[in-house]
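Residue strings, one per chain:
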Amino acid sequence: MLRIVVLRLGHRPERDKRVTTHVGLVARALGAEGMLLTTEDRSVERSITEVTKRWGGDFYIQTGVKWREAIARWKQGGGKVCHLTMYGQNILDVIDEVRRTSGCIMAIVGAEKVPSGVYELADWNIAVGNQPHSEIAALAIFLDYLHQGKELRAKFRNARLEIVPQRVGKEVRVLKNE
Ligand SMILES: C[S@@+](CC[C@H](N)C(=O)[O-])C[C@H]1O[C@@H](n2cnc3c(N)ncnc32)[C@H](O)[C@@H]1O
């Protein structure tokens, strides 16, 4: 089982709330154990925690984290660091090596300009195609390639709500009342 944490850099509370919340939701839904945010933001913390309470799992969010310290701690624990950037090596050329090398991955995504130290500290700078797009899309594709699609069948423990997949329509099972 892979251990993955997402580090989100450069979040600006006044303009990035929605995108950062989506980064967190993608991280949770596609198999990361938690998200670290370099800026303090209680409202993003609340949104993600609320989703986890309802839909289950142990996903955590920590804000106001110092990125150099977070990277150093992760590496000291034997983890590897993948920085997602359009300037990096194409994901198709490195994903097998990443998967082979470590079961403990920190995935870094930026918002505004990413400090050059991040490129140097990363074990891999990985491009999800060498065109500019979005941190949400880059993270989703990276996690999916890393798990080879298996994360899409994950069950989340201690959920209050669970979807019963339907060909047409919606069914939600209430497992525990709030
Ligand atoms: C909207 S971009 C802005 C990047 C910023 N202009 C810079 O030069 O660092 C925000 C984040 O999306 C991610 N991103 C965007 N396009 C990407 C790509 N093609 N491959 C990997 N990550 C990408 C990166 O993590 C990036 O830091």
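Residues numbered from 1 in each chain as written. Predicted model: local features only at pLDDT ≥ 70, side-chain atom pairs only at ≥ 80, totals over all residues.

1. Some remarks on the overall build of the protein
For the protein, the helix and strand inventory stands at six helices and eight strands. Taken from N to C terminus, the helices and strands of the protein fall in the order β-α-β-α-β-α-β-α-β-α-β-α-β-β. Computed over its C-alpha atoms, the radius of gyration of the protein comes to 16 Å, within 12% of the 16 Å expected for a compact globule of 178 residues. Along the longest, intermediate and shortest principal axes, the C-alpha atoms of the protein span 50 × 35 × 30 Å. Burial status across the protein gives 31% buried among its 178 residues. Intrachain contacts of the protein at a sequence separation of at least 6 include 78% that bridge at least 24 residues. (Helix = DSSP H or I, 4+ residues; strand = E, 2+ residues; numbered from the N terminus. Rg over C-alpha atoms; globule rule 2.2 N^0.38 Å. Buried ≥ 20, exposed ≤ 12 C-beta atoms within 10 Å, placed from the backbone. Contact = placed C-beta atoms within 7 Å.)

2. Some points on the site of the ligand
Close to the ligand lie 17 residues, the nearest being Leu-84, Met-86, Gly-110, Glu-135 and Ala-138. Within the residue set of the shell around the ligand, elements represented by two or more residues are strand 4 (80-90) and helix 6 (135-147). Among the elements that make up the shell around the ligand, the one with the highest residue count is strand 4 (three residues). Residues of the shell around the ligand, tallied by class, amount to nine nonpolar, six polar and two charged. (Near = placed C-beta within 6 Å. Nonpolar A, V, L, I, M, F, W, Y, C, P; charged D, E, K, R; others polar.)

3. Here's the deal with the pairing of strand 4
Relative to strand 5 (residues 104-109), strand 4 runs parallel, the two sharing four bridges. What sits directly across from His-83, in strand 5, is Ile-108. Note: strand 4 against strand 6 (residues 124-127), five bridges, orientation parallel. The partner of His-83 across the bridge, within strand 6, is Asn-125. (Pairing = 2+ DSSP bridges.)

4. Description of the packing of helix 1 (residues 13-29) against helix 2 (residues 42-55)
Their axes nearest at 10 Å, the elements helix 1 and helix 2 cross at an angle of 30°. Crossing of helix 1 against helix 2: the hand is right-handed. Touching Lys-17, Thr-20, Thr-21, Gly-24, Leu-25 and Arg-28 of helix 1 are Ser-43, Val-44, Ser-47, Ile-48, Val-51 and Thr-52, all from helix 2. Of the residues in the contact of helix 1 with helix 2, the class split is four nonpolar, six polar and two charged. (Axes fitted to C-alpha atoms, helices over the stretch in contact; angles between N-to-C directions. Left-handed = near helix turned anticlockwise from the far one by under 90°.)

5. Thoughts on helix 3 (residues 67-76)
Owing to its 3.6 residues per turn, the α-helix brings residues three or four apart onto one side. Of all the residues in helix 3, the buried ones are Trp-67, Ala-70 and Ile-71. All buried residues of helix 3 fall inside an arc of 95° around its axis, so they share one side. Facing away from the buried side of helix 3 by more than 90 degrees, the exposed set consists of Arg-68, Glu-69, Ala-72 and Gln-76. Buried residues in helix 3 make contact with strand 1 (3-8), strand 2 (34-37), strand 4, strand 5 and helix 5 (116-121). Where helix 3 terminates, the next one or two residues include Gly-78, which has phi positive at roughly 95°. (Arc of directions from axis to C-beta.)

6. A few points about helix 1
Helix length check: helix 1 (17 residues) gives 23 Å between terminal C-alpha atoms against 24 Å at 1.5 Å per residue, within 8%. All buried positions along helix 1 are accounted for by Asp-16, Thr-20, Thr-21, Val-23, Gly-24, Val-26, Ala-27 and Arg-28. Buried residues along helix 1 sit in contact with strand 1, strand 2, helix 2, strand 3 (60-63), strand 5 and helix 6. (Expected span 1.5 Å × (residues − 1).)

7. Quick word on the sheet that holds strand 6
Strand order in the open sheet formed by six strands is 3-2-1-5-4-6, with parallel pairing between adjacent strands. At either end of the open sheet lies a strand with only one pairing partner, and these are strand 3 and strand 6. Averaged over neighbouring strand pairs, the angle between their axes works out to 30° when direction is ignored. Of the strand pairs in this sheet, strand 2 and strand 3 are connected by four bridges, and their pairing is parallel. In the sheet register, Leu-37 faces strand 3, and the bridge partner there is Thr-63. Lying on the sheet, helix 3 is in contact with strand 1, strand 2, strand 4 and strand 5; it crosses strand 4 at an angle near 120°.

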